[in-house]
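Here is what each chain is made of, one letter per residue.
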Amino acid sequence: MSTRESYAAGTPCWIDLMALDVEAAKEFYTSLFGWTAQDSHDDDGTWIYTNFLHDGKVAAGLGRQSEEMSAAGMPPAWSTYVATDDVDATTSNVEQAGGTVMLPPMDVMDVGRMAVYADPSGAVVSAWQPGSHRGAEVCNEPGTWSWNELMTRDLEAASSFYSAVFGWAYEDMPMPYGTYRVISGGDEGGLGGLMAMPPNVPDEIPSYWTVYFSTDDADATIARVKELGGALVHGPDDMAGVGRMATVSDPQGGVFMVMQPAS
């Protein structure tokens, strides 16, 4: 489905980037994906947040990294949000399941209510209880978000955690270096994936969620990333029946995936 009006609880529903230099990030991503930047301001005219539009539909968001994150030397990061009907109840489930509440439930004006957590393996994920903002209005087409994936250092603990918090079930797929778990929830399958961190990844890399963007031509998108000052981190790799994919980063170090689907 490429356009959506709502997301069932337990479904990844939104992504946004916390960047050091907001204007530079807007320039990079609008140039890369053909997005339009729609800024929001408070009553005093101070910038608050940017929504990226794809053909007029909300596709992703952009915020400014906190001073604490910047001081700690953290690179910009794309965040995964999972829909919930009750973020306070979800937060209670997180605590009972062994996760950490990094940002307790808070209202974002009339837009929605959110919280930020770390799972037992340390990966950060957010929950979104929609208000006027339901989530991405477009996905799963070239130039838009299409997949969320957890790279974890404890696959079993992470799997149990997300089942307890969001009600996820999994279908295991064999991989050359382990198991890939495809997420399902409610009436939908293929909501995202979980996999163990590959053995060649340096120990200092923590568990993390990453986001994928679809493209008609992975190699052309990689070339464009480089032209705009970004970098190729890994790949491109071809996976039979899945597609051609690569890990790239924006000029500020924000990492994401691009994938040319096989079908």
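Look above for the structure.
For clarity, every value in this text was computed on a predicted model and none was experimentally measured.

Lay out a nonpolar patch on the surface with the relevant residues and their values.
Nonpolar side chains collect at one region of the surface, where M102, L103, M106 and V124 lie side by side and expose about 320 Å² of accessible area between them. If one sorts the elements of the nonpolar patch by residue count, strand 6 (residues 100-108) sits on top with three residues. By the element assignment, M102 lies in strand 6. The exposure class assigned to M102 is partly exposed, which follows from its relative accessible area of 49%.

Which residues make up the sheet that holds strand 14 (residues 231-239), and what values do they have?
Read across the sheet, eight strands follow the order 10-11-12-9-13-16-15-14 without closing on themselves; strand pairing throughout is mixed. At either end of the open sheet lies a strand with only one pairing partner, and these are strand 10 (169-175) and strand 14. Taken pair by pair, the neighbouring strands of this sheet meet at an average axis angle of 25°, ignoring direction. Pairing analysis gives seven bridges linking strand 15 (residues 243-249) to strand 16 (residues 255-261), with the strands arranged antiparallel. Note that in strand 16 the partner of M245 across the bridge is M259. Lying over the sheet, helix 4 (residues 155-166) contacts strand 9 (145-152), strand 10, strand 11 (178-184), strand 12 (193-196) and strand 13 (208-214), oriented at roughly 155° with respect to strand 12. The strands touched by helix 5 (residues 218-227) are strand 14, strand 15 and strand 16; relative to strand 15, the strand with the most contacts, the crossing angle is about 10°.

Just give me the short version of the side chain of R113, but keep the residues and values in it.
Inspection of the secondary structure assignment puts R113 in strand 7 (residues 112-118). Of note is the side chain of R113, whose polar atom sits 3.0 Å from the side chain of D107. If near-sequence neighbours (up to four positions away) are discounted, R113 is found in contact with V87, D88, P105, M106, D107, A127, W128 and Q129.

Please set out helix 4 residue by residue, giving values where relevant.
Counted at 1.5 Å a residue, the expected span for helix 4 with its 12 residues is 16 Å, and the 16 Å between its end C-alpha atoms agrees. Burial in helix 4 covers these residues: L155, A158, S159, F161, Y162, V165 and F166. The buried residues of helix 4 occupy an angular sector of 165° when the element is viewed end-on, so they sit on one face. Immediately beyond the C-terminal end of helix 4, within one or two residues, lies G167, with a positive phi of roughly 75°.

Describe in detail unusual backbone geometry, supporting the description with residues and values.
Trans is the prevailing form of peptide bonds, just as negative phi is the prevailing case for residues other than glycine. The residue after G235, namely P236, is reached through a cis peptide bond having omega 0°. Here P236 shows up in strand 14. In the Ramachandran plot, D55 falls in the positive-phi region, its phi being about 50° despite a non-glycine side chain. Residue placement: D55 occurs in the loop between strand 3 (47-54) and strand 4 (57-64). The exposure class of D55 is exposed, given its relative accessible area of 66%. The phi torsion at N140 lies on the positive side, around 60°, for a residue other than glycine. Residue position: N140 is located in the loop between strand 8 (124-130) and strand 9.

Mind laying out the pairing of strand 10, listing which residues take part and the relevant values?
Of the strand pairs in this sheet, strand 10 and strand 11 are connected by seven bridges, and their pairing is antiparallel. Within strand 11, the position partnered with M173 by the bridge is Y180. The hairpin formed by strand 10 and strand 11 contains two residues between the paired strands.

I'd like to hear about helix 5, residue by residue, with values.
Helical geometry note: an α-helix holds 3.6 residues per turn, so side chains three or four residues apart project in the same direction. Listed in full, the buried residues belonging to helix 5 are A218, T221, I222 and V225. Each buried residue of helix 5 lies within a common arc of 100° when the element is viewed along its axis, so the set occupies one face. Buried positions along helix 5 lie against helix 1 (22-33), strand 14, strand 15 and strand 16. A positive phi of about 100° marks G229, the residue just after helix 5.

Now, about the state of the cysteines: what can you tell me, with residues and values included?
Under the definition given, this model contains zero disulfides. No disulfide involves C13; its nearest neighbouring cysteine sulfur is the one of C139, lying 11 Å away. On the accessibility criterion, C13 (0% relative accessible area) is buried. The exposure class assigned to C139 is buried, which follows from its relative accessible area of 4%.

With reference to specific residues and values, describe the nonpolar core.
The tendency in soluble globular proteins is for nonpolar side chains to be buried side by side. Y29, W35, W78, W145, F213 and F256 are the most contacted members of the largest nonpolar core, which totals 38 residues. Within the second largest apolar cluster, 20 residues are counted, among which are Y117, V125, F161 and L194.

Rules behind the numbers
Residues numbered from 1 in each chain as written. Predicted model: local features only at pLDDT ≥ 70, side-chain atom pairs only at ≥ 80, totals over all residues. Heavy atoms only, no water. Patch = residues over 30% accessible without salt bridge, like charges linked within 9 Å, V, L, I, M, F, W, Y side chains within 5 Å. Areas by Shrake-Rupley, 256 points an atom, 1.4 Å probe, with all protein chains shown as cover. Salt bridge = Lys/Arg side-chain N within 4 Å of Asp/Glu carboxyl O. Helix = DSSP H or I, 4+ residues; strand = E, 2+ residues; numbered from the N terminus. Buried < 20%, exposed > 50% of the residue type's maximum accessible area, 1.4 Å probe, protein only. Pairing = 2+ DSSP bridges. Axes fitted to C-alpha atoms, helices over the stretch in contact; angles between N-to-C directions. Contact = heavy atoms within 4.5 Å. Polar contact = N/O pair within 3.5 Å; in protein donor to acceptor, adjacent residues only side chain to side chain. Expected span 1.5 Å × (residues − 1). Arc of directions from axis to C-beta. Disulfide = S-S within 2.5 Å. Core = buried A, V, L, I, M, F, W, Y, C linked by side-chain atoms within 4.5 Å.

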